[in-house]
Amino acid sequence: MSEITRLSLSQARDRLQAGELSSKELTEEMIAAVTAARPLNAFITETPERALEMAQASDARRAAGEEVGVLEGLPIAIKDLFCTQGVLTTAGSHILDGFHPTYESTVTANLWRAGAVMLGKTNLDEFAMGSSNMTSYYGNVINPWRRRDDDTPLVPGGSSGGSAAAVAARCAFGATGTDTGGSIRQPGAFAGIVGMKPTYGRCSRWGVVAFASSLDQAGPMTRTVRDAAIMLEAMAGYDPKDSTSVNRPVPSYEAAMTGDIRGLKVGIPKEYRVEGMPEAIEALWHQGMEWLKAAGAQPVDISLPHTKYALPTYYIVAPAEASSNLARYDGVRYGLRVPADSLDEMYEMTRGEGFGAEVKRRVLIGTYVLSAGYYDAYYNKARRVRTLIAQDFAKAFEEVDVILTPTAPSAAFGMGEKMDDPVAMYLNDVFTVPASLAGLPGISVPGGLSPEGLPLGLQLITGAFEEEKLFRAAGVLETAAGFEALPKFLAGE
Amino acid sequence: MSVDQETVAKIASLARIRVDEDQQVALAGELSNILEWIELLNELETEGVRPLTSVVEMTAPQRDDVVTDGDRVDDIIANAPDPANSFFAVPKVVE
């Protein structure tokens, strides 16, 4: 390791711009760090040759005086849910064995156009279904953090667990994640980094392996809020190939970080005080409000009355959409095929062997709630409650600018904990799912450490397409928190 | 609502997923727990509430009805586990 891998993305960018470093030097350091971080199992596929080619091309562009992108020459990692042309794309599933897309997802294409360099594809829960990264066919990811005086391996959260671990262990300046119910924000909190989910429709979903299409959204995972702002600027934008992508200009999110939040009204939802939440999280939440208040913001007590219905709603809507989206894995067009005598038998054998336990569970739940006789009682009921949840937020945002909550109800937990009961695992997303159901942007910022020495995150939420306000408030929160703690495992140190 | 082993077998068949009998028993328990938890929603009155279809209010974009893509057979077939010339091949479906 070197002083180089410890730079933030924006610091590395500034050094490149000043001509103090080349992309090749930066990339070589990061490739070495990726190799050193193998014990974490954060990557499914490493792409060092491609990284070096991209870095040299970037240096050449800069040397030729060409116009450079916002991520010019910066090595990043890509969650293995984004299709990358010619590079194995697995979604963490056995059923996509050997799948080499013949096309590039819009978000990754945008990143490469902005000059970014690809280090590889990061591990994730199978089809992004999980909160621990323990459902991946490619094995568990290990959180670079450890409890104080305790060597129990911990989960990095999920589903974007590989991306979170890579950024936390300093073997990528940033990584893409995707968030359906908290899959960027919760691992961000567990790994002590920033995780940002934009408004639904801000980033194109084209070429991202679909889980629940009305919820899925790509976003950046980085060490600092500024880094996330820079990265989102490159990722976002209208895409005619995704009919739910929204046609509005992408502002400079970095420029929005003025540090001035005087007069900002910050909502504190009383329903987020859940039973059994550790005292340290409650205390950090209170501290977060004090930090914002000291910067000139004004706290406002608010109510989001349908909060407790958000998780059950999510666990109808998301599996229903998943059961439909995952119908395409049939052993015919790509991935695994288990041969059988009849077509139906081939489908059943392929899907029986290709899907892991959690994916099967969700596809079966989804099939059940969509089946004749239950569609109205479950699926339509959930969609009605989803309207009520969205209305809660709409009403709250008539009064406040941002909402402040904890990101997750616990710090990172040990591997194998919470595995016996699917519902206990689902409760991880209790604070992140409501904003997902309403399609709103949210960001998790590291706020402090638990008594065991593990990072805890604070979440900010704003109204739709108010990312600038979100980054402004998050930047102030980050500065006040001054989170400097480092994980036990740092790549190559 | 609890589901029994027979129901698991039925939905597994609808979902075209092979689930062994011992797994069916375990899944019946797990799925019942999840469904029981989901039933919390029944305490809410939702009469007259419109089901949410899209979180972003927008009209579907339209474009000219012209061909913009195609003629990429090799790309499409490239990942097929058992291609036959430029076709996807499957086990025989008609005798």
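Residues numbered from 1 in each chain as written. Chains lettered and ligands numbered in written order. Predicted model: local features only at pLDDT ≥ 70, side-chain atom pairs only at ≥ 80, totals over all residues. Heavy atoms only, no water.

Considering the pattern of salt bridges
Line of reasoning, step 1. Following the criterion strictly, the structure yields 30 salt bridges over all chains and no others.
Line of reasoning, step 2. A salt bridge links Arg273(A) to Glu282(A); the shortest N-O distance between them is 3.0 Å.
Line of reasoning, step 3. Residue class for Arg273(A) comes out partly exposed when judged on its relative accessible area of 45%.
Line of reasoning, step 4. Ionic pairing is found between Arg361(A) and Glu30(B), a salt bridge with its closest N-O pair at 2.8 Å. (Salt bridge = Lys/Arg side-chain N within 4 Å of Asp/Glu carboxyl O. Buried < 20%, exposed > 50% of the residue type's maximum accessible area, 1.4 Å probe, protein only.)

What about the interface of chain A and chain B?
Line of reasoning, step 1. Contacts between the two partners involve 65 residues from chain A, matched on the other side by 47 residues from chain B.
Line of reasoning, step 2. Here chain A and chain B share an interface that buries about 5,100 Å² over both sides, 70% of which is from carbon and sulfur atoms.
Line of reasoning, step 3. On inspection of chain A and its partner chain B, the count reaches five salt bridges.
Line of reasoning, step 4. Inspection of the chain A/chain B interface yields 18 residue pairs in polar contact (both at pLDDT 80 or more).
Line of reasoning, step 5. Elements that contribute at least two residues to the side of chain A that touches chain B include exactly helix H9 (310–325), helix H10 (343–354), helix H11 (357–370), helix H12 (375–399) and helix H13 (422–426) of chain A.
Line of reasoning, step 6. The leading source of residues in the side of chain A that touches chain B is H12(A), at 11 residues.
Line of reasoning, step 7. Taken together, the residues of the side of chain A that touches chain B sort by class into 35 nonpolar, 16 polar and 14 charged. (Contact = heavy atoms within 4.5 Å. Buried area = accessible area lost by both parts, 1.4 Å probe. Polar contact = N/O pair within 3.5 Å; in protein donor to acceptor, adjacent residues only side chain to side chain. Helix = DSSP H or I, 4+ residues; strand = E, 2+ residues; numbered from the N terminus. Nonpolar A, V, L, I, M, F, W, Y, C, P; charged D, E, K, R; others polar.)

Overview of helix H7 (residues 225–235) of chain A
Each turn of an α-helix holds 3.6 residues, which means side chains three or four residues apart point in the same direction.
Residue and element names in this part refer to chain A.
Line of reasoning, step 1. Taking burial as the measure, the 11 residues of H7 include nine buried ones, the bulk of the element.
Line of reasoning, step 2. If you check which residues of H7 are buried, you get Val225, Asp227, Ala228, Ala229, Ile230, Met231, Leu232, Ala234 and Met235.
Line of reasoning, step 3. After H7 finishes, the residue Gly237 shows a positive phi value of roughly 140 degrees.

A word on the pairing of strand S11 (residues 455–462) of chain A
Residue and element names in this part refer to chain A.
Line of reasoning, step 1. Across the eight residues of S11, eight count as buried, placing the element largely inside the fold.
Line of reasoning, step 2. With burial as the criterion, each face of S11 is covered, one bearing Pro455, Gly457, Gln459 and Ile461 and the other bearing Leu456, Leu458, Leu460 and Thr462.
Line of reasoning, step 3. Note that strand S9 (residues 402–406) and S11 share five bridges and pair antiparallel. Directly across from Ile403, in S11, lies its bridge partner Ile461. (Pairing = 2+ DSSP bridges.)

Some thoughts on the confidence of the model for chain B
Line of reasoning, step 1. Scored by pLDDT, chain B comes out at a mean of 92, with 98% of its residues at no less than 70.
Line of reasoning, step 2. The least confident element of chain B is strand S1 (residues 83–84) of chain B, whose mean pLDDT is 93; the most confident is helix H1 (residues 5–14) of chain B, at 97. (pLDDT = per-residue confidence, 0-100.)

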